[in-house]
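So you can see what is in the structure, the chains are spelled out below.
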Amino acid sequence: MEPDKVRRDFQDGQVMTHLAAGNQVFHNGVPVQLLYRVALSRTGETWRVRPLFVEEPEREDQFTCSDAISFLHTMRAHRCGAA
C-alpha cells in the first residue's frame, strides 16, 4: 500500500488497512505481534501487542502514519550437509 493511501485513510478517519490482527511487524524498530485493535482515532490506532523475541508483558502501542512500520517475514535457512 502506498504511503499516500495510508495518510488519506487517516484523514478520512478510516483504519490503516495494512495492519491486521496476527501480523508480526517491526514498529519503530521493535518486533511485535498485533493482537487486537483497542482504539481508533483521527491520528492513529492503538493496538494490543505482544513483544517478539523477548520476555516482556503485552502492552498497548499507538500506531500513526508517521511511524516506521515494516512486516516481519519468516525466512527458512538452507540445511547444511551432515559433517
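Residues numbered from 1 in each chain as written. Predicted model: local features only at pLDDT ≥ 70, side-chain atom pairs only at ≥ 80, totals over all residues. Heavy atoms only, no water.

Colleague: Teacher, can you tell me more about the sheet that holds strand β2 (residues 30–40) here?
Modeller: Whenever strands of a sheet pair, they do so through backbone hydrogen bonds, lying parallel or antiparallel. Strand order across the open sheet formed by five strands is β4-β3-β2-β1-β5, with antiparallel pairing between neighbours. Every interior strand has two partners, whereas the edge strands, β4 (59–63) and β5 (69–71), have only one. For this sheet, the mean angle separating the axes of adjacent strands, direction not counted, is 50 degrees. As paired elements, strand β3 (residues 45–51) and β4 share five bridges and run antiparallel to each other. Its bridge partner lying in β4, E45 is registered against F63. (Pairing = 2+ DSSP bridges. Helix = DSSP H or I, 4+ residues; strand = E, 2+ residues; numbered from the N terminus. Axes fitted to C-alpha atoms, helices over the stretch in contact; angles between N-to-C directions.)

Colleague: In this structure, what is going on with the pattern of salt bridges? I would like to understand it.
Modeller: Opposite charge on two side chains permits them to pair, given that their charged atoms come into close proximity. Using the criterion set out here, one finds five salt bridges in the structure. With a closest N to O distance of 3.9 Å, R37 and E45 form a salt bridge. Overall, the relative accessible area of 37% leaves R37 in the partly exposed class. The network of salt bridges with shared partners includes R48, R50 and E58. (Salt bridge = Lys/Arg side-chain N within 4 Å of Asp/Glu carboxyl O. Buried < 20%, exposed > 50% of the residue type's maximum accessible area, 1.4 Å probe, protein only.)

Colleague: Got a minute to help me understand unusual backbone geometry in this structure?
Modeller: Note: most peptide bonds trans; most residues except glycine with negative phi. Positive phi, normally seen in glycine, also occurs at N28, with a value near 55 degrees. Tracing the backbone shows N28 in the loop between β1 (24–27) and β2. A relative accessible area of 44% places N28 in the partly exposed class. Its identity is not glycine, yet F53 carries a phi of approximately 70 degrees, on the positive side. Tracing the sequence through the fold places F53 in the loop between β3 and β4. Look at F53 and you get exposed, because its relative accessible area is 68%.

Colleague: Explain the pairing of β3 to me, please; I cannot follow it from the model alone.
Modeller: Consecutive residues of a regular strand have side chains that alternate between opposite faces of the sheet. In terms of burial, β3 is largely enclosed, as five of its seven residues are buried. Judged from the seven bridges that link them, β2 and β3 form a sheet pairing that is antiparallel. Bridge pairing in β3 places Q33 opposite R50. Counting the residues in the hairpin turn of β2 and β3 gives four residues.

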